[in-house]
Amino acid sequence: MKPPAQPRSVNKGRHLASWPRALGFEPLSDSPAVGLRLRFIHDRLLAAFGRRNWWPGQSPFEVMVGAVLTQNTAWRNVEKAIGNLRGHDLLTPEAMAATADADLAELIRPSGYFNVKARRLKALVGLTLEKGRGGERPELLDLPLESLREALLAVSGVGPETADSILLYAANQPSFVVDAYTRRVLARHGLAMGDEPYGAIRDWFMGHLPPDVPLYNEYHALIVAVGHLKCGPKRPDCPSCPLNDDPLLDEALRPKAGLGPAPSVDGPAPPLAMPPGIDPAGSQVSRVRTPKAKRQTPNHGIKITATKVNRPNGEGDIDGDTATRPTVTQSRRPK
Ligand code: SF4
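> Pulling in residues and values, what's your account of the overall build of the protein chain?
Counting its regular elements, the protein chain contains twelve helices and zero strands. In the protein chain, the succession of α and β elements from N to C terminus is α-α-α-α-α-α-α-α-α-α-α-α. Among the 335 residues that make up the protein chain, the fraction classed as buried is 44%. Partitioning the intrachain contacts of the protein chain with sequence separation of at least 6 by distance along the chain shows that 72% fall at a separation of at least 24.

The structure is reproduced here in structure tokens:
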């Protein structure tokens, strides 16, 4: 078994969720209203960004390969590497297993850390062939969720984020994916501290949402969309973000988002921060009306600047997961 994932530091030096906590809201709350709030966030993001049609990949095995290659690099680099593999007919476990490590590394060079990733792909291919037939949809993916997750986590270089990406997007199994974008958005909206262990955040999502593959698929992709297009680490674009009228938005971001002062800590604290129009007790959901001044069309045409990507040689230290998921180059998603 791999050791548990190390918690990542998000928003170093700041405890964004401390303000909601002062109001009586707990990070990763167990309140039954959390499910409604998570649905609200999902619906808002879906309305703003539309369906993301994840994961880009022509076969489940290609998705598995992409999940490894996207570690610590931008998706456009992964596309080049996968294009090279496709051009050499290597997108099956059998073909990849028969390829020399050095040749494989050369083909995936555009994805960075190519020697490390070649070894990881070979390890993943080894597991795949050990568990049955390979092909474009390996038999491995038919294992029950927990067995498959455990097997994936035992592969060198496959961390929980990569394993859950394979489970959800290649195996179509309901395993929620948590990444740095997830942590940042949760922290800025008072739902988590942001540096909780991976498993705590995953369990929290899965405890408050039904085990619904299309829902998990879309939810994670939408979080990546808002994280990539709006919720940058230093300068979040709250004014044009579909989540900008959340009453629990981080206090420091409220003026930028055009929100008034934070609710008074002296007043009665609701059991959980909810968006306007949602009863915290979950008894009724009324129509949410955005104030006119903020009822603006999200900036779908936002200019996406290139992500700075290190171009390391083939070796180096990378963790088993990535903070640069398949990014939101809206035109590049598969149909
Ligand atoms: S950009 Fe602002 S409103 Fe949007 S998710 Fe980030 S913190 Fe929230």
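> With reference to specific residues and values, describe the packing of helix α2 (residues 33-49) against helix α12 (residues 213-229).
Their axes nearest at 10 Å, the elements α2 and α12 cross at an angle of 65 degrees. Here α12 runs roughly perpendicular to α2, going by the angle between their axes. Handedness of the α2/α12 crossing: left-handed. Contact with α2, carried on its side by His42, Leu45, Leu46 and Phe49, involves Glu218, Tyr219, Leu222, Ala225 and Val226 of α12 and no other residues of that element. Looking at the contact of α2 with α12 residue by residue, the class counts come to seven nonpolar, one polar and one charged.

> Account for the environment of Ala180, with residues named and values stated.
In this structure, Ala180 sits in helix α10 (residues 180-188). Using a count of 19 C-beta atoms within 10 Å as the deciding quantity, one classes Ala180 as partly exposed. On a C-alpha basis, the gap between Ala180 and Gly227 in space is 8.7 Å, while along the polypeptide they are 47 residues apart.

> Provide a residue-level description of α12, including the pertinent values.
Given 3.6 residues to a turn, an α-helix orients residues that are three or four positions apart in the same direction. With 17 residues, α12 extends 24 Å from end C-alpha to end C-alpha; this agrees with the ideal 24 Å at 1.5 Å per step. With 14 of 17 residues buried, α12 is to be regarded as a mostly interior element.

> Give a description of the nonpolar core that names residues and reports values.
Judged by nonpolar contacts, the single largest core of 72 residues is most densely connected at Ile108, Ile166 and Val226. By residue number, the principal contributor to this core is α12, which donates nine residues. Residues contacting Val226, with those up to four places away along its chain left out, are Leu45, Val185, Cys231, Cys241 and Leu243.

> Would you mind going over the site of the ligand in detail, with residue names and values included?
The local shell around the ligand holds 15 residues, among which Arg188, Cys231, Pro236, Cys238 and Cys241 are the closest. Along the lines of polarity and charge, the residues of the shell around the ligand split into ten nonpolar, two polar and three charged.

> I'd love a proper account of unusual backbone geometry, names of residues and values included.
The peptide bond linking Trp54 to Trp55 adopts the cis configuration, its omega dihedral lying at 0 degrees. Tracing the backbone through its elements, the reader meets Trp55 in the loop between α2 and α3 (60-69). For Asn72, which is not glycine, the phi torsion reads 55 degrees and is therefore positive. One non-glycine residue, Asn172, lies in the positive phi region at around 55 degrees. Relative to the assigned elements, Asn172 resides in the loop between α9 (160-170) and α10. Note on Asn172: 13 C-beta atoms within 10 Å, which makes it partly exposed.

> How would you sum up helix α4 (residues 75-87)? Please name residues and give values.
The end-to-end C-alpha separation of α4 is 18 Å, in line with the 18 Å expected for 13 residues at 1.5 Å each. Within the sequence span of α4, burial applies to Trp75, Asn77, Val78, Ala81, Ile82 and Leu85. One face of α4 carries all of its buried residues, which in axial projection span an arc of 150 degrees. Residues of α4 that are exposed and point more than 90 degrees away from the buried face comprise Gly83 and Gly87. Among the structural elements, α3 and α6 (101-107) are those in contact with the buried residues of α4. Positive phi shows up at Asp89, right after α4, with a value of about 55 degrees.

Definitions and cut-offs
- Residues numbered from 1 in each chain as written.
- Predicted model: local features only at pLDDT ≥ 70, side-chain atom pairs only at ≥ 80, totals over all residues.
- Helix = DSSP H or I, 4+ residues; strand = E, 2+ residues; numbered from the N terminus.
- Buried ≥ 20, exposed ≤ 12 C-beta atoms within 10 Å, placed from the backbone.
- Contact = placed C-beta atoms within 7 Å.
- Axes fitted to C-alpha atoms, helices over the stretch in contact; angles between N-to-C directions.
- Parallel < 35°, antiparallel > 145°, perpendicular 65-115°, else oblique.
- Left-handed = near helix turned anticlockwise from the far one by under 90°.
- Nonpolar A, V, L, I, M, F, W, Y, C, P; charged D, E, K, R; others polar.
- Expected span 1.5 Å × (residues − 1).
- Core = buried A, V, L, I, M, F, W, Y, C linked by C-beta atoms within 7 Å.
- Near = placed C-beta within 6 Å.
- Arc of directions from axis to C-beta.

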